[in-house]
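Structural overview
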Amino acid sequence: AGRVLGRPGSPLTLAPPLREGQREVLQGLDRLGYLQPADGLGSSAVLSGGYCEDSLGRRVQALAVGPAELEQFGVSGCVINIGEAVSLSSDHERRVGEVLATACDLLLAEFATSLEQDLWLLQQPAGGGVDPWVAARRQQALHARVSRKRCLDDCRARATDFAQRPTAMATLRRPWKANIRTSG
């Protein structure tokens, strides 16, 4: 299963300055153990099949919290709803999908080549005089890059679809895996 890890300095760690409410929601999610230890969004992952880890989904939800959600639920209500995979609103769900799709676009733009170009390169012979070990390592690197790009592309498509058709009860369609914690 492919995993695409964000890294320090990537677009996922370069979000615009957080509004105070968003910062408080992120801190609350972290304090209550809803977030895996992470350096910003840098250690979150996109998985094969276009899903991302819960922690990234929750972080993106916190970043998409707006004044309407904060007014209706307050910081604590946003924290609990996001942490327990309860939708805040259809508009919030749409913004979450848009933020995640944009993050995938930005990460894909960091690559020097497109997915199509990498697939073409995989089909090319190593060429004469190339050390077999070097040729094998080149192929492995290309396969890894293709896998990363496919994961991001699938996640972008899933997030875009989610943003275009939000529902207030969209838990099963969310572009992240929902592992709902229960007490007791």
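Going by the structure above, here's the rest.
1. What about the packing of aromatic side chains?
In this structure the tally under the stated criterion is zero aromatic pairs. Directly above the aromatic system of Tyr51 lies the positively charged group of Arg158, at a separation of 4.0 Å from the ring centroid.

2. A look at the pattern of salt bridges
Oppositely charged side chains may form a pair once their charged atoms are brought near each other. Evaluated as defined, the whole model comprises 10 salt bridges. As a salt-bridge pair, Glu69 and Arg95 come within 2.6 Å of each other at their nearest N and O atoms. With Glu69 in helix α3 (residues 67–83) and Arg95 in helix α4 (residues 90–109), the pair connects residues that are 26 residues apart, well separated along the chain. Take Arg95: its relative accessible area is 19%, and that puts it in the buried class. With a shortest N-O distance of 2.8 Å, Arg156 and Asp105 are connected by a salt bridge. You can see Arg156 sitting in helix α6 (residues 132–164) and its partner Asp105 sitting in helix α4, a full 51 residues away along the chain. With a relative accessible area of 35%, Asp105 lands in the partly exposed category. Residues participating in the shared-partner salt-bridge network are Glu69, Asp91, Arg94, Arg95 and Glu98.

3. A look at the environment of Val60
Here Val60 is to be found in helix α2 (residues 54–63). Classification of Val60 by relative accessible area gives buried; the value is 3%. Residues Val60 and Glu98 lie 38 residues apart in sequence; the distance between their C-alpha atoms is 9.8 Å. Beyond its immediate sequence surroundings of up to four residues, Val60 is in contact with Val96, Val99 and Leu100.

4. A word on α3
Spanning 17 residues, α3 covers only 19 Å between terminal C-alpha atoms, well under the ideal 24 Å at 1.5 Å per step. What α3 keeps buried is the set Glu69, Cys78, Val79, Asn81, Ile82 and Gly83. Contacts from the buried residues of α3 go to α1 (20–31), α2 and α4. Ala85 occupies a position one or two residues after α3 and carries a positive phi of about 60°.

5. Side note on unusual backbone geometry
A positive phi is found at Ala85, a non-glycine position, where the angle reads about 60°. Locating Ala85 in the fold gives a position in the loop between α3 and α4.

What counts and what doesn't
- Residues numbered from 1 in each chain as written.
- Predicted model: local features only at pLDDT ≥ 70, side-chain atom pairs only at ≥ 80, totals over all residues.
- Heavy atoms only, no water.
- Phe/Tyr/Trp six-rings, centres within 6.5 Å; stacked < 30°, edge-to-face > 60°.
- Lys NZ or Arg CZ within 6 Å of the ring centre and 35° of its normal.
- Salt bridge = Lys/Arg side-chain N within 4 Å of Asp/Glu carboxyl O.
- Helix = DSSP H or I, 4+ residues; strand = E, 2+ residues; numbered from the N terminus.
- Buried < 20%, exposed > 50% of the residue type's maximum accessible area, 1.4 Å probe, protein only.
- Contact = heavy atoms within 4.5 Å.
- Expected span 1.5 Å × (residues − 1).

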